[in-house]
Amino acid sequence: MAEELADPEVVDRPRPGAGTARGRVGANGHRSNGAGRPSNGAGPAPRAASTRVLVLNASYEPINVCTVRRAAVLVLKARAEMLEKGDGALHSERLDLDRPCVIRLVRYVRIPRDVHRRKITRKAVLARDAYTCQYCGREAAGLTVDHVIPRSKGGRSVWENIVASCAPCNRKKGNRLPREAAMHPANSPRAPGPTVFIRIAAPRVPHAWEPYLLAA
Ligand SMILES: [Zn+2]
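Draft legend 1. Looking closely at the pairing of strand 3 (residues 80-91). Direction of pairing for strand 3 relative to strand 4 (residues 96-105): antiparallel, over a ladder of eight bridges. Bridge pairing links Leu 90 to Leu 97 in strand 4. Counted along the chain from strand 3 to the antiparallel partner strand 4, the turn is four residues long.

Draft legend 2. Layout of the sheet that holds strand 4. Taken in spatial order, the four strands make up an open sheet running 2-1-4-3, and their pairing is mixed. Of all the strands in the sheet, the pair left with one neighbour each is strand 2 (62-67) and strand 3. Neighbour-to-neighbour, the strand axes of this sheet turn through a mean angle of 35°, independent of strand direction. Direction of pairing for strand 1 (residues 52-56) relative to strand 4: parallel, over a ladder of three bridges. Bridging from a neighbouring strand, Leu 56 pairs with Arg 104 of strand 4. Here helix 3 (residues 68-76) sits on the sheet in contact with strand 1, strand 2, strand 3 and strand 4, set at roughly 85° to strand 4. Where helix 7 (residues 194-201) meets the sheet, its contacts fall on strand 1 and strand 2, and the angle it forms with strand 2 comes to roughly 25°.

Draft legend 3. Geometry of the nonpolar core. Among the nonpolar cores identified, the biggest contains 38 residues, and Val 53, Leu 54, Val 55, Leu 56, Ala 71, Val 102 and Ile 103 are the most heavily contacted of them. Of all elements in the fold, only strand 1, strand 2, helix 3, strand 3, strand 4, helix 4 (122-128), strand 6 (162-165) and helix 7 reach the threshold of two or more residues within this core. Broken down by element, this core gets its largest block of residues, seven residues, from helix 3. In this structure, this core is formed jointly by two domains, domain 1 (2-114 + 195-214) and domain 2 (118-181), each of which donates at least three residues. Residue contacts for Leu 54: discarding those within four places in its chain leaves Pro 62, Val 65, Val 102, Ile 198, Trp 209 and Tyr 212.

Draft legend 4. Spotlight on the environment of Val 158. Positionally, Val 158 belongs in the loop between strand 5 (144-147) and strand 6. Assessed through the 13 C-beta atoms surrounding it within 10 Å, Val 158 is described here as partly exposed. Separated by 32 residues in sequence, Val 158 and Arg 190 place their C-alpha atoms 8.5 Å apart.

Draft legend 5. Spotlight on unusual backbone geometry. Its identity as a non-glycine residue notwithstanding, Tyr 60 has a phi of 75°, on the positive side. Considering the arrangement of structural elements, one finds Tyr 60 in the loop between strand 1 and strand 2. Residue Tyr 60 is classed as partly exposed on the basis of its 13 C-beta neighbours within 10 Å. One non-glycine residue with positive phi stands out, namely Tyr 131, at about 55°.

Draft legend 6. Here's a closer look at helix 3. The buried fraction of helix 3 amounts to nine of the nine residues, a majority that puts the element mostly inside the structure. Restricting attention to buried positions, one finds in helix 3 the residues Val 68, Arg 69, Arg 70, Ala 71, Ala 72, Val 73, Leu 74, Val 75 and Leu 76. Note on helix 3: the residue one or two positions beyond its end, Ala 78, has a positive phi of about 60°.

Draft legend 7. Quick peek at helix 7. A large share of helix 7 lies buried, amounting to six of its eight residues. Within helix 7 the residues assigned to the buried category are Pro 194, Thr 195, Val 196, Phe 197, Ile 198 and Ala 201. Buried residues along helix 7 sit against strand 1, strand 2, helix 4 and helix 8 (210-214).

Scoring rules and cut-offs
Numbers given for residues are sequential positions, taken from 1 along each chain in its written order. Where totals are concerned, whole chains, interfaces and linings use all residues; where local detail is concerned, this predicted model gives features only for residues with pLDDT of at least 70, and gives and counts side-chain atom pairs only at 80 or more. DSSP-based pairing: two strands are paired if at least 2 bridges between them are found. Working definition: helices are DSSP H or I runs of at least four residues, strands are E runs of at least two. Numbering for both runs from the N terminus. Each axis is a line fitted through C-alpha atoms, and for a helix only the stretch in contact is used; angles between axes span 0 to 180 degrees, taken between their N-to-C directions. C-beta atoms are placed from the backbone for every residue, and two residues are taken to be in contact when these atoms lie within 7 Å. Residues of type Ala, Val, Leu, Ile, Met, Phe, Trp, Tyr and Cys that are buried and joined through C-beta atoms within 7 Å form what is called a nonpolar core. With C-beta atoms placed from the backbone, the exposure class of a residue follows from how many other C-beta atoms lie within 10 Å of its own: 20 or more, buried; 12 or fewer, exposed; in between, partly exposed. In this entry, domain limits derive from an automatic or database-based domain assignment.

Here you go:
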């Protein structure tokens, strides 16, 4: 389970009702043959807004985003508690469940450090740096990413060496070292925590998530 939750790929999979044939929903030992799935709203529920659930570790640290269905399974199996409810409810033949919005794992899951060393993308670098050029502090449109130590001088493509930079700063710095150009990043770059990835996975973060993300 830990691995599944920690898998970054779990984050972005808005497929309500997918995988219902596995029959794993049955709470309390009911055999369910997959028929006990929470119906994700046959009605016109505002699905897009609420298909994702924020998952907190037992320590309240946000660790991931999962589907409503996955969250419902965790709650029904008493592996997670529901901290925030969304609108509406999930129905199956046997039970009704409030629609989860934020859940917290009952048991602490150790997240290997490496999990958060996810692959670098421009999007993630910009989100980590709050969409602000690390050299001049401008919140520019069309930010680029810059190797602090240029690749031509042995700089690697790692979190610690890549920052958000506006195009003019990037050009100005060119192939020089920070001290040669007298341009130093405002924050020393490092691998971002899970919150950055959660924000990327859910571009419109539901209000109910905010307090939990702020605390992180
Ligand atoms: Zn700049």
